[in-house]
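The lines below spell out each chain.
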Amino acid sequence: QVQLVESGGGLVRAGDSLRLSCAASGFNFESYDMGWFRQGPGKESEFVAAINWNSFATEYADSVKGRFSISRDNRNNTLYLHMHSVKAEDTALYHCAADTAAFRMPLSSRYLARWGQGTLVTVSS
């Protein structure tokens, strides 16, 4: 069974950097596109970033381009979100997500339907 466990969240100050991790198990991680979504207080869930199975392609929401980067370690079944220059509006519960099919092309966030429980990031201004 698919398990996605996020970690690395916490309370940080505006302008700080943070790295989120997602430990994946129960499926062939190296074969699946992965991504991050977030839900801020009183807001709908929104796409943050995605990476394809072999790291050749990435996508980012406009709100995080140039500040966040996504990466993965297929040998250790781990997904990362590197967050830099964080802002108060980045405060949210961040969820790791996995695609529902292996080797999908092209990369598409719409198929990242299997989510973890999330890790909370709070940015103080």
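Going by the structure above, here's the rest.
The rules behind these values
- Residues numbered from 1 in each chain as written.
- Predicted model: local features only at pLDDT ≥ 70, side-chain atom pairs only at ≥ 80, totals over all residues.
- Heavy atoms only, no water.
- Disulfide = S-S within 2.5 Å.
- Helix = DSSP H or I, 4+ residues; strand = E, 2+ residues; numbered from the N terminus.
- Buried < 20%, exposed > 50% of the residue type's maximum accessible area, 1.4 Å probe, protein only.
- Polar contact = N/O pair within 3.5 Å; in protein donor to acceptor, adjacent residues only side chain to side chain.
- Core = buried A, V, L, I, M, F, W, Y, C linked by side-chain atoms within 4.5 Å.
- Contact = heavy atoms within 4.5 Å.
- Pairing = 2+ DSSP bridges.
- Axes fitted to C-alpha atoms, helices over the stretch in contact; angles between N-to-C directions.

Asker: How should the state of the cysteines be read in this particular structure?
Answerer: In a disulfide, the sulfur atoms of two cysteines are covalently bonded to one another. By the definition in use, this model includes one disulfide. Here Cys22 is linked by a disulfide to Cys96, with a sulfur-sulfur distance of 2.1 Å. Linking Cys22 and Cys96, the disulfide has an S-S dihedral of approximately -70° and is accordingly described as left-handed. Note that Cys22 is positioned in strand β3 (residues 18-25) and Cys96 in strand β9 (residues 92-99), a separation of 74 residues in sequence. Taking relative accessible area as the criterion, Cys96 reaches 0% and is therefore assigned buried.

Asker: Please clarify how the environment of Asn54 should be interpreted in this entry.
Answerer: Position of Asn54 among the secondary structure elements: in the loop between β5 (45-51) and β6 (58-60). The spatial distance from the C-alpha of Asn54 to the C-alpha of Asn74 is 8.3 Å, given a sequence separation of 20 residues. In terms of polar contacts, Asn54 uses its side chain to reach the backbone amide nitrogen of Phe56, at 3.1 Å.

Asker: Got a minute to help me understand the nonpolar core in this structure?
Answerer: What tends to happen in soluble globular proteins is that the nonpolar side chains get buried as a cluster. If you look at the biggest cluster of nonpolar residues, it comprises 34 residues, and the most contacted ones within it are Met34, Trp36, Leu79, Leu81, Met83 and Tyr94. Elements supplying a minimum of two residues to this core: β3, β4 (34-39), β5, β7 (68-73), β8 (78-83), β9 and β11 (119-124). Those residues in contact with Met34 that lie beyond four places of it in its chain are Leu4, Phe27, Phe29, Ala50, Ile51, Ile70, Arg72, Leu79, Cys96, Ala97, Ala98 and Leu112.

Asker: Sorry, what's going on with the sheet that holds β8 here?
Answerer: Sheet architecture is open: four strands sit in the order β1-β3-β8-β7, paired in antiparallel fashion. Strands at the two margins of the open sheet, each flanked by one partner only, are β1 (3-7) and β7. Direction aside, neighbouring strands of the sheet carry axes that sit 15° apart on average. Pairing geometry for β1 and β3, over five bridges, is antiparallel. Counted as the bridge partner of Val5 is Ala23 from β3.

Asker: Sorry, what's going on with the environment of Ala50 here?
Answerer: Summarising the element assignment, Ala50 is placed in strand β5. Judged by its relative accessible area of 0%, Ala50 is buried. Remark: the alpha-carbon pair of Ala50 and Leu81, spanning 31 residues in sequence, is separated by 9.6 Å. Residue contacts for Ala50: discarding those within four places in its chain leaves Met34, Gly35, Ala57, Thr58, Glu59, Ile70, Leu107 and Leu112.

Asker: Before we go on, may I ask you to explain the pairing of β7 in this structure?
Answerer: The side chains of a regular strand alternate between both faces of the sheet. Of the two faces of β7, the one holding Phe68, Ile70 and Arg72 is buried and the one holding Ser69, Ser71 and Asp73 is not buried anywhere. When β7 meets β8, the two strands line up antiparallel, connected through six bridges. Across the sheet, residue Phe68 finds its bridge partner in β8, namely Met83. Linking two consecutive strands that pair antiparallel, namely β7 and β8, is a turn of four residues; a positive phi of about 50° is found at Asn77 within it.

Asker: Looking at this structure, I do not really get unusual backbone geometry. What am I missing?
Answerer: The general pattern is negative phi for most residues beyond glycine and trans for most peptide bonds. Looking along the chain, the bond that leaves Met105 and enters Pro106 is cis, with omega of -5°. Its location among the elements puts Pro106 in the loop between β9 and β10 (112-115). One non-glycine residue, Ser55, lies in the positive phi region at around 65°. Note that Ser55 resides in the loop between β5 and β6. Positive phi, normally seen in glycine, also occurs at Asn77, with a value near 50°. The topology assignment puts Asn77 in the loop between β7 and β8. On the basis of relative accessibility, which here comes to 27%, the residue Asn77 falls in the partly exposed class.

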